[in-house]
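Coordinate analysis (summary)
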Amino acid sequence: MRSSRPTQAMGPVPRRVAAGATAAFLGLTLALGSGLTSAAVAAEPTAPTGIILGVGANETQRTVTWYTSSDTAQKIQVAPTADLVNNEFPAGAATFDAAGGANIATSGGFNRHATITNLQENTQYSYRVGAEGAWSTVYSFKTQDFEGEYDFLFFGDPQIGSSGDTAKDQAGWQDTLDVALGANPNSELLVSGGDQVETANTEAHWNAFLAPDKLRQYPWAATIGNHDVGGKAYEQHLYTPNTDRSAPFYSNGNPASNTSGGDYWYIYKDVLFIDLNSNSYDPATGGGGDAAHTKYVEDVINQHGSEAKWKVLTYHHSIYSPADHAKDSDNKKRRVDFPTTFSKLGVDLVLQGHDHSYSRSYEIKNGEKANPAEKPGAADVYAGPGGVVYVTANSASGSKYYDITAPDNSGTSGAGNGADPLNIKNYWYNSVQNQEHVRTYVKVQVRNDKLVVENLRSGTCAAPNSAVEHGSSCTNTPEGQPVGSTVDKVTVHPYHGSGQDLQVNVPKAAPGEFGWTIDGYNGLVDLGTAKEAGDHFQANGKINPIAVTDSRRSLAPWSISSSVSDFKDAAKTFSGSYLGWSPRVLQDGAGAKASDSVASGFDDNGKGLSVSRSLGSAAQGHPRGTAKLGADLDLKIPDSVDKGGYRATLTITALSS
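All of these numbers come straight from a predicted model, not from anything done at the bench. (Residues numbered from 1 in each chain as written. Predicted model: local features only at pLDDT ≥ 70, side-chain atom pairs only at ≥ 80, totals over all residues. Heavy atoms only, no water.)

1. A few points about the packing of aromatic side chains
Each aromatic ring pair is specified by the distance between its two centres and by the angle formed by the two planes. This model, assessed by the stated rule, comprises 28 aromatic pairs. When the centroid spacing of 5.8 Å and the interplanar angle of 55° are considered together, the rings of Tyr 127 and Phe 141 count as tilted. On the criterion of sequence distance, the pair formed by Tyr 127 in strand S9 (residues 124-131) and Phe 141 in strand S11 (residues 139-142) is long-range, its members being 14 residues apart. A centroid spacing of 4.7 Å and a plane angle of 80° characterise the contact between Tyr 320 and Tyr 390, whose relative ring orientation is edge-to-face. Residue Tyr 320 is located in the loop between strand S17 (310-317) and helix H5 (329-337), and its partner Tyr 390 is located in strand S23 (residues 389-392); the two are separated by 70 residues in the primary sequence. Of the two residues, Tyr 320 and Tyr 390, both sit in the buried class. Through a chain of ring-to-ring contacts, three or more aromatic side chains come together here, namely Tyr 150, Phe 152, Tyr 264, Tyr 266, Tyr 268 and Phe 273. Its end group placed over the ring of Tyr 281, Arg 334 keeps NZ or CZ at 4.4 Å from the ring centre. Across the ring face of Tyr 362, the terminal group of Lys 369 is positioned such that the distance to the ring centre comes to 3.7 Å. (Phe/Tyr/Trp six-rings, centres within 6.5 Å; stacked < 30°, edge-to-face > 60°. Helix = DSSP H or I, 4+ residues; strand = E, 2+ residues; numbered from the N terminus. Buried < 20%, exposed > 50% of the residue type's maximum accessible area, 1.4 Å probe, protein only. Lys NZ or Arg CZ within 6 Å of the ring centre and 35° of its normal.)

Below is the structure:
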């Protein structure tokens, strides 16, 4: 690439050129004194419906799922938002073909899904789904840095329709998403605790759940709940990556039946997420039961655990619940089947739903409290080997709350529901239990050496709060517990074994730059009034210093050269060949070497600086840094030249590869 830009700049003139083949020019005026002196695409009637953005296999992917009324070929179209003009996609927008099939009879129509791949970090994307002539509305999402710390939000049981008032449930769900993402707009994932809807195959419930546009802007990491499993609508609305839909991961052992199921995993930056269908827990019903899940978790962690710093499990049925489901027989079974495997595999955090109340466990190891001395409500917990924190999310929509229930005498380990010796009102396993009958959500901050888990209020007793509006009590006090206030916050510090782990963050390497500036004020180089020297006039001076910076890792060779125009005063002129110079390195750096002197053409009948001459250069492999180059000017003018004030432009060129 080569460009030319002779100018007369009035101050320092930065010229930055990205690494690669480069060239740039600088105009430097020389003067000689007299004597000689000097949106949104509108949706079509048959446009897709039920659009939801989902997670992909990693941070470079997103999955989109939608419904259509006819069985036609569908695709998704994606482009950086900056490339759209008047909300129109560019001709070269990426497209991804969709797959899918017919919905179950109660849903009607057809389901489609497609995965967007090769996303770039820190980019706002726009997308639409459908086909030519029947596109959806245009939606957008943004990617962030693909490395390092981030936040995700965890939501328990929207269960739209469970209050008997779908519209109010939807209003609460919408408000929680608005509050949570209004306060945390840079959160990168929305993680589900299950039970998106009350009735698995009721599309009115799904339509209300899918109504918030936030679900088309932030990826929803679905989890199947017991209210989602009784039909195929869950699988058809919420497509997930790396999903094992084989028989062991269905409660009845039959993926072809009118039920949903499957376990899946994905890695998002430093977290390996594994999501289980906890509806399949009893092999007597035909599925693989808890043994299939623990085998799945073990296989995924053995294969991919080393690819992430943290291991987070999600499933619906809370095994350390504090409310109505605490003493359920199926819950007690999982409480025996799961913990030892999770401790052995180094799971850090387990996120659950189902109990419509909030709880945070102590560090649990092999089904027992890992550290008997851990205090209730501790703000910091330090996992010993095998310590796992279990969190149960409260209702995210306000459609239904369960009240805290009392411990019994069944024991303080394993399946027992005994009291905590340090807080007899709590179950032995829970550090914190809470139920105020207000909507909440959980924010998880993923940091280099800690997970910060915080349960936050997204509502108060006031509407939208469907359960309360329909007669449920409410103990929240808006004065002290307003929207956005914290119910519980804990920092989970990981176990580092008997040694000492070392951490260092390596930033993304800058590509480096090669460029130059005129060092200091780019003023006129005034050679003054030439003096007679026998058969010619003589003038001398110095160019303004040129600062050359090269921070590229390629350490590619570079050179600075220049040529001068003819000197002119109106119609009078003389050749630039009479200008010669002696280059110098004024400041060492960037491997700079001064080039050879060039004599005035008056001395040798040569071309002087009227042709391109090298000022300085550096060889391949030179050190990075900054140099300053200068040159002494030598102008010898034949005495035949007419009197006048003459000017010329010295054009400086930077070249590199």
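Once the structure has been displayed, the description carries forward.
2. Here we look at the sheet that holds strand S15 (residues 264-268)
Across the sheet, 7 strands lie side by side as S15-S16-S17-S18-S23-S19-S26; this open sheet has mixed pairing. Edge positions in the sheet fall to S15 and strand S26 (430-434), since each of these pairs with one other strand and no more. Here the average twist between neighbouring strands, direction ignored, is 15°. Bridge analysis of S15 against strand S16 (residues 271-275) gives 5 bridges, and the strand direction is antiparallel. Along S16, the bridge assignment pairs Tyr 264 with Asp 275. (Pairing = 2+ DSSP bridges. Axes fitted to C-alpha atoms, helices over the stretch in contact; angles between N-to-C directions.)

3. A few points about helix H1 (residues 166-183)
Across its 18 residues, H1 extends 26 Å between first and last C-alpha, which sits within 8% of the 26 Å expected from 1.5 Å per residue. Burial in H1 covers these residues: Asp 169, Gly 172, Trp 173, Thr 176, Leu 177, Val 179, Ala 180 and Leu 181. Taken together, the buried residues of H1 touch strand S12 (150-155), strand S13 (189-192), helix H2 (203-209), strand S14 (220-221), strand S27 (440-447) and helix H7 (466-469). (Expected span 1.5 Å × (residues − 1). Contact = heavy atoms within 4.5 Å.)

4. Observations concerning unusual backbone geometry
Along the chain, Ala 463 connects to Pro 464 via a cis peptide bond; the corresponding omega equals 0°. Mapped onto the elements, Pro 464 comes out in the loop between strand S28 (450-457) and H7. In this structure, Asp 157 is a non-glycine residue whose phi angle is positive, near 35°. Its identity as a non-glycine residue notwithstanding, His 437 has a phi of 70°, on the positive side. Along the chain, His 437 falls in the loop between S26 and S27. The class for His 437 is buried, based on a relative accessible area of 5%.

5. Digging into the nonpolar core
Ranked by internal contacts, the top residues of the largest apolar core, which has 57 residues, are Phe 155, Phe 209, Trp 220 and Phe 273. With 5 residues, S12 is the largest single contributor of residues to this core. Among all residues touching Phe 155, those that are not within four sequence positions of it are Trp 173, Thr 176, Leu 177, Ala 180, Leu 190, Val 191, Ser 192, Gly 193, Trp 220, Ala 393, Ala 396 and Tyr 441. By size, the runner-up hydrophobic cluster in this structure holds 36 residues, among which are Ile 543, Phe 567, Ala 618 and Leu 650. (Core = buried A, V, L, I, M, F, W, Y, C linked by side-chain atoms within 4.5 Å.)

6. Things to note about the pairing of strand S8 (residues 110-116)
Across the 7 residues that make up S8, a large majority, 6, are buried. Where strand S4 (residues 62-68) lies against S8, 7 bridges are found, and the strand directions are antiparallel. Paired with Tyr 67 across the two strands is Asn 111, which belongs to S8. The sheet contact formed by strand S7 (residues 99-102) and S8 spans 4 bridges and is antiparallel. In the strand pairing of S8, Ala 102 is matched with Phe 110.

7. A short note on the environment of Gly 287
Its place among the elements puts Gly 287 in the loop between S16 and helix H4 (289-304). For Gly 287, a relative accessible area of 9% corresponds to the buried category. Here the alpha-carbon distance between Gly 287 and Ser 251, two residues 36 residues apart in the chain, equals 4.7 Å. Other than its neighbours up to four places away in sequence, Gly 287 contacts Ala 247, Pro 248, Tyr 250, Ser 251, Asn 252, Gly 253, Ser 280 and Asp 282.

8. Description of H4
Taking 1.5 Å as the rise per residue, H4 with 16 residues should run 22 Å; its terminal C-alpha atoms sit 23 Å apart, in good agreement. Within H4 the residues assigned to the buried category are Gly 289, Asp 290, Ala 292, His 293, Thr 294, Tyr 296, Val 297, Val 300, Ile 301 and His 304. Summarising the contacts, the buried residues of H4 are in contact with S15, S16, S17, H5 and helix H6 (339-344).

9. Describing the side chain of Ser 397
Position of Ser 397 relative to the elements: it lies in the loop between S23 and strand S24 (419-420). Taking the relative accessible area as the measure of exposure, Ser 397 reaches 0% and is therefore buried. A polar contact of 3.1 Å, which involves the side chain of Ser 397, links it to the side chain of Ser 399. Leave out the neighbours within four places in its chain, and Ser 397 touches Asp 157, Pro 158, Ile 160, Asp 169, Gly 172, Trp 173 and Arg 439. (Polar contact = N/O pair within 3.5 Å; in protein donor to acceptor, adjacent residues only side chain to side chain.)

10. A short note on the pattern of salt bridges
Counted by the stated rule, this structure contains 22 salt bridges. Between Arg 457 and Glu 436 there is a salt bridge; the shortest N-O distance is 2.6 Å. Taken together, the residues Arg 457 in strand S28 and Glu 436 in the loop between S26 and S27 connect sequence positions 21 residues apart. Its relative accessible area of 4% is what places Arg 457 among the buried residues. Several salt bridges converge on common partners, so that one network encompasses Glu 149, Asp 151 and Arg 447. (Salt bridge = Lys/Arg side-chain N within 4 Å of Asp/Glu carboxyl O.)

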